[in-house]
Each structure stands twice: as structure tokens, then as C-alpha cells.
Amino acid sequence: MRDQLKYQFVLTFLVLAFSGFAAAANLSVQPLYLEFTPSKQLKSKNFEISVSSEQAVKIKTSLFQAQQDITGKLSFTELLGEKDQDAIVTLKKNSYQIKRDSNAKIRGTIKFPRRTNKTLLYAVMIEEDKGKSRGGVSINVRYAVILKVQTSHRKTRIKSKLSFIGLQKTDQGMLIKALIKNESQRDFRINAMAKIRNSERRLIETIELRSGSAWQRQDKNSIIFPEGVVELVGKLNKISSPGEYNVALYGRIDNRKPVSARGIIEIKAEEMERLNSEKASDSPNYVVSPTPFNIKYKEKGESYYRFQISNNTDKKVTVDMPMMNKEHLKKYEFSFLPVKMSLRAGSKRTVLFKVRNKIGPELKINGLKALITSAEGTQVQDIALPVSFITE
């Protein structure tokens, strides 16, 4: 009798959320997030998770403890061999059979420990029970139902530490990085930002700082669990010259408690040159908006249009609007207010454009350009101001 060697490749996909329900493969699970807080009379609490399926299926459940990693995401460790009398979370059973177009109720109990006041995180993993694999490739979809257990109803004082890490150069640009540490026994949310100033203390830009998890969720608030140490990151966009810059970090915990930190970053000339060349195409230094100018046509009289010019660099510039000449008079007359203006670093100004159309709504004006010059009088860039007319 020959021994047969079989290879198995298992792909496991984790379905994780903090609200609502999830559906993948043949299963749908709800809810995916539960919170538990005791009271003086409540020493334990039961919970229930609903799992439904369009097909007949067998599912299995298991318990994991959750920890937060440096990006703010959760990682999981399976709980094995914990005695029921010591366990905070217990499941009534670990295997369920679901009939076609039916559902199962996964039931469990939270037992609140005595004389502790902290936040604990667990996960009930739910997946299809496919039995022993016969080899080949199999795909597992796991649903993580997060259980947040607050072990006491008493309020605890929030303790945190915000610190500045520095500047990180990446293929996507330059990132400001900070570190937030939760030194308290319950979780909190932080809304943080960084203000960047040059050596003259002039504000260059303000950027949002979030955890990797918060950026992924498109959430302005980063969740920090007890004993969590999480990086907060944000991308620099408006620095356009090398030098030293002061960084001031500000944050509010649960929209109340302020935290802050400070630091200094240095950008070398070669780094700035590389960064400017990379972002030139997708992050222009000077922006006119809205554009093109779609102006309502008037058969008689002047039409008016307001627009803004933004200086996204860290240097002051002068903007000269185009002037009318004799060739223009045959088709149209126009003027700008103001004709010339200064734009400080990171600022924008509103301009009024007045035009008298002598041709008709089919007229298009493509030759107008605003001239940008530096404080030294050197031409930096010109910006096209395309004009068209609408009859609506």
C-alpha cells in the first residue's frame, strides 16, 4: 500500500466591520459589533448573533482575543484551553447546521470579572465547516464579530501620550508621523492634525493625522484601545522648497481633552527636487477654480464671473491678469478686478471677470493667461483662463 502525499492551500478571507452586517459566499452575519457594560445588578449578559444562508450549510464558531497593532487595525489570537469558570466570553456551542433559506442563532454569555475596570476585546469567528480537506485549493471566508467588553460601569480617567516621530519619505510622497499611546483602561477616539510652519513661523499647511485603519475606513477619528500604541500619519502637500519646518501636533480625545506635541523636520534640496518632479502632474502649485469659465451669454450688456486663484506653495507670488488689446475689441471687451494682486503662501483670492460678448453664444476665448511671478520678479508660471458662453 502506497502512501499518498497531498498538498493543501488554504486562502482565508476575514470579514470585519464595526457596525451593520456582512454578506459573502452563502452566509450573511449580523451584527458584526457588540458592546457590553455591566451595572450594579448585572453581573453577566447574554448575546445573540444571527447567521443566515441561502443554501444548506454547516458552520463552526471559535473565540479569539483581539489586539490592536501599530496601524490601528485588529489582530486576533485564538483562545484555547480556557476553563469556562474563568472565561469572560463563552459560547453555548461551536457547531450549527443551517437549512436552506434559513438561519441559526449563535448564543453566548459575557461574564463580567470583579474588581477590574478596563476594556477587553474579543472576536467570535464564524465560518463554514467544510470538514477535512482532500487536498487542492480551498477558500475560507471568516466573519469576525467584535465583542467590546467594558468590565465596570465606573468612569475612568483617560490617560494618553502624543509624541512626534518625524518625516518619512515614501513613493507616495512625504508623510508626517506621530505616535499616540493609550495609557488608560478604556478606549478613546482622537481627531488629530499637524500645523506646518516655515522658519519665519508662517503657516504653510494644516494636514489631518489618522491611523492607517481610520484612513481605510474614511473616518476622521482614530480609535485607540487600552494599551494601544498607534501611528498617526498625514501627507505633506504644500511644501515646495527645502529647509527646516516646525511641526505642531494637536488632537482632541473624544472631542474634549486636548493633547499636543512639537517637532522639527528638515527637507534637503535633492529630496525637494525629487518630490516636486513627482507631484507636478497631479498637484499643481497654482490653481484656478472653477474652470473653464462657463459664462451666461447676454445679448446686451456685460456678463460677470467670479473665480479664485490659489497659491499652493510656501512662497509669496504676484499675479498679473491679462490686459485687453485692439484685436479683442472686434469680438469682445473684458476686464479683471483686481488687475494685479499678491498671493501669500498657501492663500487664495477671488477675482471678478467682466466681459461684453459682441459675437454671440458660439464665441470661445482661449488666449487669456494669468502671469505668476516670484517675489524676485522671475516668471514662475502662466495659467490659461479659457472662456465659453452658455445660453441657459
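What you are looking at is a predicted structure, and each value in this text was computed from that prediction instead of being measured. (Residues numbered from 1 in each chain as written. Predicted model: local features only at pLDDT ≥ 70, side-chain atom pairs only at ≥ 80, totals over all residues. Heavy atoms only, no water.)

### Concerning the overall build of the protein chain
From N to C terminus, the protein chain includes 3 helices and 31 strands. Looking at the protein chain as a whole, 42% of its 392 residues qualify as buried. Sequence-distant contacts in the protein chain: of pairs separated by 6 or more residues, those separated by 24 or more amount to 68%. Within the structure as shown, the protein chain displays about 23100 Å² of accessible surface, and the carbon and sulfur contribution to it stands at 46%. (Helix = DSSP H or I, 4+ residues; strand = E, 2+ residues; numbered from the N terminus. Buried < 20%, exposed > 50% of the residue type's maximum accessible area, 1.4 Å probe, protein only. Contact = heavy atoms within 4.5 Å. Areas by Shrake-Rupley, 256 points an atom, 1.4 Å probe, with all protein chains shown as cover.)

### Regarding unusual backbone geometry
In the segment running from Gln30 into Pro31, the intervening peptide bond is cis, with an omega of -5°. Among the secondary structure elements, Pro31 is positioned in the loop between strand E3 (27-30) and strand E4 (33-36). A cis amide bond links Ser289 with the next residue in sequence, Pro290, at an omega value of -10°. Examined against the element boundaries, Pro290 turns out to sit in the loop between strand E21 (286-289) and strand E22 (293-296). Phi is positive for Asp101, close to 50°, though the residue is something other than glycine. By relative accessible area, which is 60% here, Asp101 ends up exposed. We note that Asp254 has phi near 55°; this positive angle belongs to a residue other than glycine. Its location among the elements puts Asp254 in the loop between strand E19 (243-253) and strand E20 (257-267).

### Focus: the sheet that holds E21
The strand order E21-E23-E27-E25 describes an open sheet built from 4 strands, whose pairing is antiparallel. On the outer flanks of this sheet lie E21 and strand E25 (332-337), each paired with one strand and no other. In this sheet, neighbouring strand axes are inclined to one another by 25° on average, regardless of whether the strands run parallel or antiparallel. Relative to strand E27 (residues 348-357), E25 runs antiparallel, the two sharing 6 bridges. In the strand pairing of E27, Leu337 is matched with Leu352. (Pairing = 2+ DSSP bridges. Axes fitted to C-alpha atoms, helices over the stretch in contact; angles between N-to-C directions.)

### Considerations on a positive patch on the surface
Together, Lys43, Lys111, Arg114 and Arg115 give the surface a local cluster of positive charge. Looking at the secondary structure, you find Arg114 in the loop between strand E10 (102-111) and strand E11 (119-128). (Patch = residues over 30% accessible without salt bridge, like charges linked within 9 Å, V, L, I, M, F, W, Y side chains within 5 Å. Salt bridge = Lys/Arg side-chain N within 4 Å of Asp/Glu carboxyl O. Lys, Arg positive; Asp, Glu negative; His and termini not counted. Charge placed at Lys NZ, Arg CZ, Asp CG, Glu CD.)

### Here we look at the packing of aromatic side chains
The tally for this structure, following the rule as stated, stands at 9 aromatic pairs. On the basis of an interplanar angle of 75° and a centroid distance of 5.8 Å, the ring pair of Phe334 and Phe336 is categorised as edge-to-face. Residue classification places Phe334 among the buried residues on the basis of a relative accessible area of 6%. Linked through ring pairs, Phe293, Tyr305, Phe307, Tyr332, Phe334, Phe336 and Phe353 together constitute an aromatic cluster. Directly above the ring of Trp215 sits Arg210, whose terminal nitrogen or CZ lies 4.1 Å from the centroid. (Phe/Tyr/Trp six-rings, centres within 6.5 Å; stacked < 30°, edge-to-face > 60°. Lys NZ or Arg CZ within 6 Å of the ring centre and 35° of its normal.)

### With respect to the confidence of the model for the protein chain
Considering every residue of the protein chain, the mean pLDDT works out to 81; 85% of them sit at 70 or more. Ranking the elements of the protein chain by mean pLDDT puts strand E1 (residues 8-16) last, at 44, and strand E15 (residues 188-197) first, at 94. Across residues 1-13, confidence stays below pLDDT 50; counting only partners more than four residues off in sequence or on other chains, it has 20 contacts. Throughout residues 17-21 the model reports pLDDT below 50, and contacts reaching past four residues in sequence, or to other chains, amount to 14 contacts. (pLDDT = per-residue confidence, 0-100.)

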